[in-house]
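Each chain is listed here by its residues.
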Amino acid sequence: MNKMAPMALGHEASMHRDMANAIRFLAIDAVEKAKSGHPGMPMGMADVATVLFAQFLKFDPADPAWPDRDRFVLSAGHGSMLLYALLHLTGYRGMDIAQLKAFRQWGSLTPGHPEHAHTPGVETTTGPLGQGLATAVGMALAERLSNARFGDDLVDHHTYVIAGDGCLMEGLSHEAISLAGHLRLGRLIVLFDDNSISIDGATALSCSDDQLARFAASGWHAARIDGHNPETVAEAIAAAKADPRPSLIACRTIIGFGSPNRQGTEKVHGAPLGADEVAATRAALAWPHAPFEVPAEVGDAWIRAGQKNAKARRDWQARLKDAPSDVRARFAAALAGDIGDVGRSALATIRTRFLADAPKIATRQASQQVLDAIAPAIPDLFGGSADLTHSNLTHAKSQKPVTPGDFAGSYVHYGIREFGMAAAMNGIALHGGFIPYGGTFLVFADYCRPAIRL
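Since the model is a prediction, treat every value here as computed from it, not as a measurement. (Residues numbered from 1 in each chain as written. Predicted model: local features only at pLDDT ≥ 70, side-chain atom pairs only at ≥ 80, totals over all residues. Heavy atoms only, no water.)

Caption draft 1: Representation of the pairing of strand E1 (residues 71–74) in the model. Alternating positions in E1 separate into two faces, Arg71 and Val73 on one and Phe72 and Leu74 on the other, with burial throughout. Strand direction decides the pairing type here: E1 and strand E2 (residues 159–164), joined by four bridges, are parallel. By the bridge assignment, Phe72 is partnered in E2 with Tyr160. (Buried < 20%, exposed > 50% of the residue type's maximum accessible area, 1.4 Å probe, protein only. Helix = DSSP H or I, 4+ residues; strand = E, 2+ residues; numbered from the N terminus. Pairing = 2+ DSSP bridges.)

So this is what it looks like as structure tokens:
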């Protein structure tokens, strides 16, 4: 372990340190109070998260559903206190200190793993490792699909992911990164908590993959940085945003950063530090404040970070208001998932025809006839298949395929990636703007089961 000696810091560096330590100690204190949880990841990734939220992430806690916000996915969902601390510090309504003190308690907004539609600011439910990353691929795809339809004025955002070693070990990650690389989803940026620790101990016990080479082989921009150097983190994110490829930033971090006797070991992954180690960590990081206490200057800095995009959101609202009425109507209908009168009429017509004709055809042929009837009437219907298009008959005659760099179509060839397909469909649905469907054989649906469950 590296001993942390006091050193003179400029105001900017000092404020970053204090903002990151606010995350660390809110996580430490919440896990300690609950007597359960995962403090190691929030402690290790606090520096990266501080740079992301304070300098890059486009969001506004005053409007968590702002359609053109950046999406942030905590794929390593066990480190949920990282996200809850950020939501509290940046001013999300309802995420007061009482919720952090109620971490993992029944009825709180801070369950053990983040849950969508339960906690404001949580874009997707995570916990099953790898699924956050794969869901984010769907979100990034939906952003490009929406952009192709409505342009930069209304749709121009990124999808960020924090993923851990476990997310990248899961087989699903291969399907997800391969699909994202093939489609050239350059608005997807993955921040890898590269701490070389898993529950059993060092990741070297079970894995010797070169993750940068692996991602690069799938067409990604990949870089490794010091995750505790805020300037390096900022430079890496800026470079990723400028690159046309999806990006992996492997952030070398120390799990449980600041804990004198546990950092860098599996002991800090999934258990409270204990009173003595909490006190030692407070001393090591020069954080003399009481549990759940954030100094006013630090709290104010975080609130300013949460307010930094308020003007951008108002400008976006003005652009939407100034858009032609038909564009506004289409945009609102897409976000609401409203198929419209034309879509409802098409569904009614095909139902009436089937009831009258009672055709004796295979169910997949019946499905194709329905798709052919409704796809032209429901422009937000977005289909695909896991390499079984002509077997499942999932492609309607009116649908054009999405290809790398061309997102005007309404059908995607997912390849032989059933789990990746189902997870991406979850992301497309969560992003909003489209009604996704996909197809495979029933026996292969077992490969989709975890994403279906989620």
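Back to the text.
Caption draft 2: Quick peek at the confidence of the model for the chain. Across the chain, the average pLDDT comes to 97, with 98% of residues at or above 70. Low pLDDT, under 50, characterises residues 1–7; the predicted model gives this stretch eleven contacts beyond four residues in sequence or across chains. (pLDDT = per-residue confidence, 0-100. Contact = heavy atoms within 4.5 Å.)

Caption draft 3: A look at the sheet that holds strand E6 (residues 221–226). Reading across the sheet, the five strands line up as E1-E2-E3-E7-E6 and stay open at both edges, with parallel pairing between neighbours. Looking at the sheet topology across the chains shown, the edges are occupied by E1 and E6. With strand direction ignored, the average angle separating the axes of adjacent strands in the sheet is 20 degrees. Sheet topology places E2 next to strand E3 (residues 188–194); six bridges connect them, and they run parallel. Each bridged residue has a counterpart across the sheet, and for Gly164 the counterpart in E3 is Asp193. (Axes fitted to C-alpha atoms, helices over the stretch in contact; angles between N-to-C directions.)

Caption draft 4: Quick peek at the layout of surface pockets. Roughly 350 Å³ of volume is contained in the second largest pocket. What lines the second largest pocket is a set of 21 residues, among which Leu129, Gly166, Ile197, Ser198 and His269 lie closest to the centre. Elements represented by at least two residues in the lining of the second largest pocket include exactly helix H6 (165–169) and strand E4 (197–198). It is H6 that contributes the most residues to the lining of the second largest pocket, four residues altogether. Taken together, the residues of the lining of the second largest pocket break down into ten nonpolar, seven polar and four charged. (1 Å grid on protein atoms, 1.4 Å probe; cavity = no way out; pocket = protein on both sides within 12 Å on 5 of 7 lines; lining within 4 Å. Points joined across faces, edges and corners; volume = space filled by probe spheres on them. Nonpolar A, V, L, I, M, F, W, Y, C, P; charged D, E, K, R; others polar.)

Caption draft 5: Structural detail: the packing of helix H17 (residues 418–431) against helix H18 (residues 445–453). Look at H17 against H18: their axes get within 7 Å of each other, and the N-to-C directions meet at 25 degrees. For the element pair H17 / H18, the angle class is roughly parallel. Helix-helix and strand crossings are classified by hand; for H17 and H18 the assignment is right-handed. Contacts between H17 and H18 involve Glu418, Phe419, Met421, Ala422, Ala423 and Asn426 from the former and Tyr447, Cys448, Pro450 and Ala451 from the latter. Taken together, the residues that form the contact of H17 with H18 break down as eight nonpolar, one polar and one charged. (Parallel < 35°, antiparallel > 145°, perpendicular 65-115°, else oblique. Left-handed = near helix turned anticlockwise from the far one by under 90°.)

Caption draft 6: Layout of the nonpolar core. Core analysis: the biggest nonpolar cluster contains 66 residues, and Ile23, Leu52, Phe72, Leu191, Ile237, Ile249 and Trp302 have the highest contact counts within it. Ranked by residue count, the leading element in this core is helix H1 (residues 11–34), at twelve residues. In this structure, Ile249 is in contact with Ile189, Val190, Leu191, Phe192, Ala223, Ile225, Ala236, Ile237 and Ala240, ignoring residues within four places of it in sequence. Counting residues in hydrophobic clusters, the runner-up holds 45 residues, among them Leu145, Val161, Leu179 and Ala424. (Core = buried A, V, L, I, M, F, W, Y, C linked by side-chain atoms within 4.5 Å.)

Caption draft 7: Region of the structure containing empty space enclosed by the protein. With the rule as written, the count across this model stands at three cavities of 30 Å³ or more. Counted as a void, the largest cavity has a volume near 90 Å³. Lining of the largest cavity is provided by 13 residues; of these, Ser146, Val155, Phe331, Leu335 and His431 occupy positions nearest its centre. Of all the secondary-structure elements, those providing two or more residues to the lining of the largest cavity are helix H5 (131–150) and helix H13 (325–336). In terms of residues, the lining of the largest cavity owes the most to one element, H13, which gives three residues. Looking at the lining of the largest cavity residue by residue, the classes come out as seven nonpolar, five polar and one charged.

Caption draft 8: Geometry of the environment of Val443. For Val443, the location among the structural elements is in the loop between strand E10 (435–436) and H18. Expressed as a C-alpha distance, the spacing of Val443 and Pro64, which sit 379 residues apart in the sequence, is 39 Å.

Caption draft 9: Region of the structure containing the packing of aromatic side chains. By the definition in use, this model includes eleven aromatic pairs. Measuring from centroid to centroid gives 6.1 Å for Phe382 and Phe434, while their planes differ by 65 degrees, and the two rings are edge-to-face. With Phe382 in strand E8 (residues 381–385) and Phe434 in the loop between H17 and E10, this residue pair connects regions lying 52 residues apart in the sequence. Residues Phe382 and Phe434 agree in their burial class; the two are buried. Seen in terms of ring centroids, Phe444 and Tyr447 are 6.0 Å apart; in terms of plane orientation they differ by 5 degrees. Their pairing is stacked. Taking the relative accessible area as the measure of exposure, Tyr447 reaches 52% and is therefore exposed. Taken together, the ring pairs connect Phe53, Phe59, Phe72 and Tyr92 into an aromatic cluster. (Phe/Tyr/Trp six-rings, centres within 6.5 Å; stacked < 30°, edge-to-face > 60°.)

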